[in-house]
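Structural characterization, general
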Amino acid sequence: MKKTVATITAGEKITVLTAYDYTTARLLDESGIDVLLVGDSLGMVMLGYKDTLSVTVEDMLHHTKAVARGTQSALILADMPFMSYQADVSEAVRNAGRLVGQGGANAVKLEGGAEISPQVRAITNAGIPVMGHIGLTPQTVNALGGFKVQGKTLETARKLVTDAKALEDAGAFAVLLECVPAMIAKYIADSLAIPTIGIGSGKYTAGQVLVIHDIAGLYREFTPKFVRRYADAGEEIKNAAKQYIKDVRSGEFPAGEHTFAVPEDVLLQITGGHA
Ligand code: KIV
């Protein structure tokens, strides 16, 4: 059964993981995850950029289409990349429409608070569910002065509360809180009628999101404090490659079971008995 905005927000804690390709989407979909986020974090973990600012709508479309091909049940949430929505409301609606119409996303996520309310309202009015994203918003890393916890002062905590409310009022179906102190996240979660999804924001939100490369041990440059690593797939892949190299060099691979046979008479005629 395909999950929808209505079904995921109705029951248990909402589980969200990122996915950027067909194979991973299939595996995660089979695991029973509620939402697959095609995050613009793909700029870092898939494309090797130092941040998410270079990611384009075309990049997001390419990866969202791959995830859609691998997904049956999970709701597909696509990030709107940097400058695809900030400058202009009509452009925001058009780009959100592309991620849904061409990409196969079921909803979009936008970073920002009250200042992007017009975009959230317009996209929602176009029939596309929107998740807001506040707190540490990686697209504004230059203004924030780095990847830092947000909402630790009275002023910044108040702004988070105001922004969350503005997003709800504009029609967002959920608000993602990134790197917000747990008790501020709890206050926001308790103040809103719509669900909150947390990352690095404690346990009181209605759902949690993490980056698949972090929990699987695939992205090893840096592991944020809030990540729990559930597997070391990076080490597994390296070990598999090392064993393959060894087996090829020693002649251990390929073995008989990996090899195709040819009928004797064909071989004889081809080689004249010199094989
Ligand atoms: O792009 C992304 O993966 C995200 C998560 C970190 C929430 O926005």
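Cut-offs and rules
- Residues numbered from 1 in each chain as written.
- Predicted model: local features only at pLDDT ≥ 70, side-chain atom pairs only at ≥ 80, totals over all residues.
- Heavy atoms only, no water.
- Axes fitted to C-alpha atoms, helices over the stretch in contact; angles between N-to-C directions.
- Helix = DSSP H or I, 4+ residues; strand = E, 2+ residues; numbered from the N terminus.
- Parallel < 35°, antiparallel > 145°, perpendicular 65-115°, else oblique.
- Left-handed = near helix turned anticlockwise from the far one by under 90°.
- Contact = heavy atoms within 4.5 Å.
- Nonpolar A, V, L, I, M, F, W, Y, C, P; charged D, E, K, R; others polar.
- Near = heavy atom within 4 Å.
- Polar contact = N/O pair within 3.5 Å; in protein donor to acceptor, adjacent residues only side chain to side chain.
- Areas by Shrake-Rupley, 256 points an atom, 1.4 Å probe, with all protein chains shown as cover.
- Salt bridge = Lys/Arg side-chain N within 4 Å of Asp/Glu carboxyl O.
- Buried < 20%, exposed > 50% of the residue type's maximum accessible area, 1.4 Å probe, protein only.
- Pairing = 2+ DSSP bridges.
- Expected span 1.5 Å × (residues − 1).
- Domains from an automatic or database assignment.

1. Points about the packing of helix α4 (residues 57-69) against helix α5 (residues 89-101)
Relative to each other, α4 and α5 sit at 20 degrees, their axes nearing to 9 Å. Compared by their axis directions, α4 and α5 come out roughly parallel. Regarding α4 and α5, the two cross each other, and that crossing is right-handed. Residues Val57, Glu58, Met60, Leu61 and Thr64 of α4 lie in contact with α5, whose contacting residues are Asn95, Arg98 and Leu99. Residue composition of the contact of α4 with α5, by class: 4 nonpolar, 2 polar and 2 charged.

2. So, the environment of Ala241
Within the secondary structure, Ala241 is located in helix α11 (residues 233-250). Separated by 236 residues in sequence, Ala241 and Val5 have C-alpha atoms that sit 41 Å apart.

3. With respect to the site of the ligand
Around the ligand, the surrounding shell consists of Thr18, Leu37, Gly39, Asp40, Ser41, Asp79, Lys109, His133, Leu176, Ile199 and Val211. One of the side-chain nitrogen or oxygen atoms of Ser41 is found 2.5 Å away from an oxygen atom of the ligand. Note that an oxygen atom of the ligand is positioned 3.0 Å from one of the side-chain N or O atoms of Asp79. Here the ligand has 260 Å² of accessible area as a free molecule, and 94% of this is covered by the chains.

4. Regarding the pattern of salt bridges
One pass over the structure, following the stated rule, counts 11 salt bridges. For Asp51, the salt bridge identified is with Lys50, shortest N-O distance 3.1 Å. Assessed through its relative accessible area of 9%, Asp51 is described here as buried. A salt bridge links Lys109 to Asp79; the nearest nitrogen and oxygen atoms lie 2.7 Å apart. Of this pair, Lys109 sits in strand β4 (residues 107-111) while Asp79 is found in strand β3 (residues 75-79), placing the two residues 30 residues apart along the sequence. You'll find Lys109 and Asp79 in the same group, each marked buried. Linked through salt bridges whose partners overlap, the residues forming this network are Lys165, Glu168 and Asp169.

5. Considering the pairing of strand β8 (residues 207-210)
Sheet topology note: the strand β1 (residues 14-18)/β8 ladder contains 4 bridges and is parallel. Across the sheet, Ile14 pairs through a bridge with Gly207, a residue of β8.

6. Examining helix α8 (residues 154-169)
Here α8 spans 23 Å end to end across 16 residues, near enough to the 22 Å set by a 1.5 Å rise per residue. Every buried residue of α8 is accounted for by Ala157, Leu160, Asp163, Ala164, Ala166, Leu167 and Glu168. In this structure, the buried residues of α8 make contact with α6 (117-125), β5 (130-135), β6 (174-178) and α9 (182-191). At the exit of α8 stands Gly171, carrying a positive phi of roughly 110 degrees.

7. Concerning the domain arrangement of the protein chain
Each assigned domain of the protein chain is listed here: domain 1 (5-231) and domain 2 (236-271). Each of domain 1 and domain 2 was reduced to a C-alpha centroid, and the two centroids are 45 Å apart.

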